[in-house]
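Structural characterization, general
For reference, the chains in residue letters:
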Amino acid sequence: MSIDLSLDRIQRLYRFIQPYARPTIHIAGTNGKGSVSALTSSILSAAGLRVGRFNSPHLVSIYDCIYVNNQEASQQTYHSSRDEVERIARDKLIEVSSFEMLVLTALLIFERADVEIVVMEVGMGGRLDATNVIPDEAVMLSALTAVDLDHQAFLGNTVSEITKEKASIARRGKPFVLGPQKHPEVAEVARKVVKEVGGDFFSASAALQVPLNDRIHPVLPGTQFQPPSPHPIELDLPCFETRVSTLLPLHGSHQLDNVGLSALIISIAVDHPSCSSLKLRDRVTTEVIARGIANVSWPGRLSFHSIHSNLRDPTSPRFLVLADGAHNPASSTTLSSYITEYCSSLAPLNATITLTYILSLSHSPPKTPLQTLSPLLPPSLSPQLTVKVRVAVLRFTPPDGMPWVKSVPPSVLHSVVRSLCPKAELWAGDDDKTHDLPAALKWAASSPDPQLVIVAGSLYLAADFYRIIRTEI
């Protein structure tokens, strides 16, 4: 079944499934919702709660969509619940999509595990997304991260239209928390939607203004690139008298917005009357929040990995890979800005550096490869730097259970990259193959110069990368 946004099918099937009653934090957004989900669940886990978390799409396998107490669902747990949902669907002659099946499987797993709270990431949009089948009484709080243009074929052609779809996860009498936004119309539209529903609107401040350069490790000419250190941050939360001081291991200035939104979600959950059943005031302290933020892990989002140049030879030299799921113009801009910031320490040295990009994109009209890659190529670095650019383009492995997801042929990407970056050294995978990443990494490793390798363009390509280096996660 292709994408058909509707709650009709899943609501019919849900009526025959064990009722879901776990207190739930429901998070929508174009960019950042996964990071906010990971941060929020990490803080709640640090408070000693039994926490469930749902994210989509999966990274390495379908099981890592569903976490219970910081552990991905076991195959036995997953298939036991999924088999039951599938049996009921067959018995009742109800056909649902694979994502709807995944959501109901997750709800059943969380209910059977008797978790105290669930952090649920929306799949696409909000109003008609399968996760919005959650009963009103179970939703404790809703949140909306950064909204931008993406999936216009399903959600609308303007930021305002997309915001309306995403903000429609708001519930009557429940808090709705809006994260910092690039587009001013988002706040106006979201506030109107929440008011019409009868929700309680809150807006996160983009007040976290801290320098990033002090966490970047300088790279000396002729040496290998080094991953950055966690960044010290401070948070002022309305429900606590003292500041939260901690280290943020997630990279990029956009993560300051995400951690600020997550911290505000926790603060509101502690104090809001609709969230009082969990008695979070007795369990969440500034020390708990600090520990939860410091412990967060979110692979595939500006994640650094040092890997061997020969994947089969543990004695071979290593090089640094930056893996990121940037898949639309907004997230590509974020990635580009981070690369610029990361390389800024080299500017005073008049250094020559090599950036090698390994790229794969989803075919997702009306979004075009040119729109997604333009923020990345050519890289925007200091004029004091001499930059050698190398680019590999390839297909990613089709994700399980998502037959509608198609990758852009490497021949098409090759033409786009050539138009954007004529002087780049190019390598292209086969249009008919979806397992070319090992060959692309081998090509990347062939450079004799110190380099940063960037794996980007799709979370599905990042997933391929993690399957190759599982031990690095």
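Residues numbered from 1 in each chain as written. Predicted model: local features only at pLDDT ≥ 70, side-chain atom pairs only at ≥ 80, totals over all residues. Heavy atoms only, no water.

The protein is annotated in an unreviewed UniProt entry as Mur ligase of Lentinula boryana.

So, the overall build of the protein
Scanning the protein from N- to C-terminus turns up 14 helices and 16 strands. Scaling as 2.2 N^0.38, a compact globule of 473 residues should have a C-alpha radius of gyration of about 23 Å, and the protein matches this with 22 Å. Taken along its principal axes, the extent of the C-alpha atoms in the protein is 60 × 55 × 45 Å. Buried residues in the protein amount to 58% of all 473 residues. For the protein, the proportion of contacts with a sequence separation of at least 24, taken over those separated by at least 6, is 75%. Looking at the protein as shown, the accessible area adds up to about 19600 Å², and 51% of this sits on carbon and sulfur atoms. Here the protein contributes 42 positive and 45 negative side-chain charges, whose respective centroids are spaced 2 Å apart. (Helix = DSSP H or I, 4+ residues; strand = E, 2+ residues; numbered from the N terminus. Rg over C-alpha atoms; globule rule 2.2 N^0.38 Å. Buried < 20%, exposed > 50% of the residue type's maximum accessible area, 1.4 Å probe, protein only. Contact = heavy atoms within 4.5 Å. Areas by Shrake-Rupley, 256 points an atom, 1.4 Å probe, with all protein chains shown as cover. Lys, Arg positive; Asp, Glu negative; His and termini not counted. Charge placed at Lys NZ, Arg CZ, Asp CG, Glu CD.)

Describing the side chain of Ser 56
Structurally, Ser 56 can be placed in the loop between β2 (51-54) and β3 (66-68). Judged by its relative accessible area of 15%, Ser 56 is buried. For Ser 56, the residues in contact, after removing those within four places along its chain, are Cys 65, Phe 99 and Glu 121.

Description of the pairing of strand β10 (residues 244-248)
In summary, the side chains of a regular strand alternate between the two faces of the sheet. Side chains Val 244, Thr 246 and Leu 248 of β10 all project onto a buried face; the interleaved residues Ser 245 and Leu 247 project onto a face where none is buried. For strand β9 (residues 231-235) and β10, the ladder comprises 5 bridges, and the chain directions are antiparallel. Residue pairing for β10: Leu 235 is matched across the bridge by Val 244. (Pairing = 2+ DSSP bridges.)

With respect to helix α10 (residues 329-343)
Between its terminal C-alpha atoms α10 stretches 21 Å, which fits the 21 Å expected from 15 residues at 1.5 Å a residue. Regarding α10, the residues found buried are Ala 330, Ser 331, Ser 332, Leu 335, Ser 336, Tyr 338, Ile 339, Tyr 342 and Cys 343. Of the surrounding secondary structure, the elements contacted by the buried residues of α10 are β11 (303-308), β12 (318-323), β13 (352-359), α11 (369-373) and β16 (451-456). (Expected span 1.5 Å × (residues − 1).)

What about the packing of helix α13 (residues 437-445) against helix α14 (residues 459-468)?
Two elements in contact, α13 and α14, have axes whose closest approach is 10 Å; the angle formed by their N-to-C orientations is 80°. Relative to α14, α13 is oriented roughly perpendicular. Taken together, the residues of α14 that come into contact with α13 (itself represented by Leu 437, Pro 438 and Leu 441) are Leu 461, Asp 464, Phe 465 and Ile 468. Class assignment for the residues of the contact of α13 with α14 results in 6 nonpolar, no polar and 1 charged. (Axes fitted to C-alpha atoms, helices over the stretch in contact; angles between N-to-C directions. Parallel < 35°, antiparallel > 145°, perpendicular 65-115°, else oblique. Nonpolar A, V, L, I, M, F, W, Y, C, P; charged D, E, K, R; others polar.)

Examining unusual backbone geometry
In this model, Ser 56 is joined to Pro 57 through a cis peptide bond whose omega is 0°. Backbone torsion omega between Leu 377 and Pro 378 reads -10°, so that peptide bond is classified as cis. Take Pro 378: it is sitting in the loop between α11 and β14 (386-393). Although it is not a glycine, Asn 70 sits at a positive phi angle of roughly 65°. Here Asn 70 is to be found in the loop between β3 and β4 (71-72). Despite not being glycine, Lys 279 shows a phi value in the positive range, around 50°.

A look at the sheet that holds β11
Strand pairing in a sheet relies on backbone hydrogen bonds. The paired strands run either parallel or antiparallel. Read from one edge of the open sheet, 6 strands run β11-β12-β16-β13-β14-β15, paired in mixed fashion. On the outer flanks of this sheet lie β11 and β15 (425-428), each paired with one strand and no other. Strand-to-strand twist of the sheet, defined as the mean angle between neighbouring strand axes without regard to direction, takes the value 25°. Of the strand pairs in this sheet, β13 and β14 are connected by 8 bridges, and their pairing is parallel. Paired with Ile 353 across the strands is Val 387, a residue of β14. Sitting on the sheet, α13 is in contact with β11, β12, β13, β14, β15 and β16, with an inclination near 175° to β13. Packed onto the sheet, α14 meets β11, β12, β13 and β16 and runs at close to 40° relative to β11.

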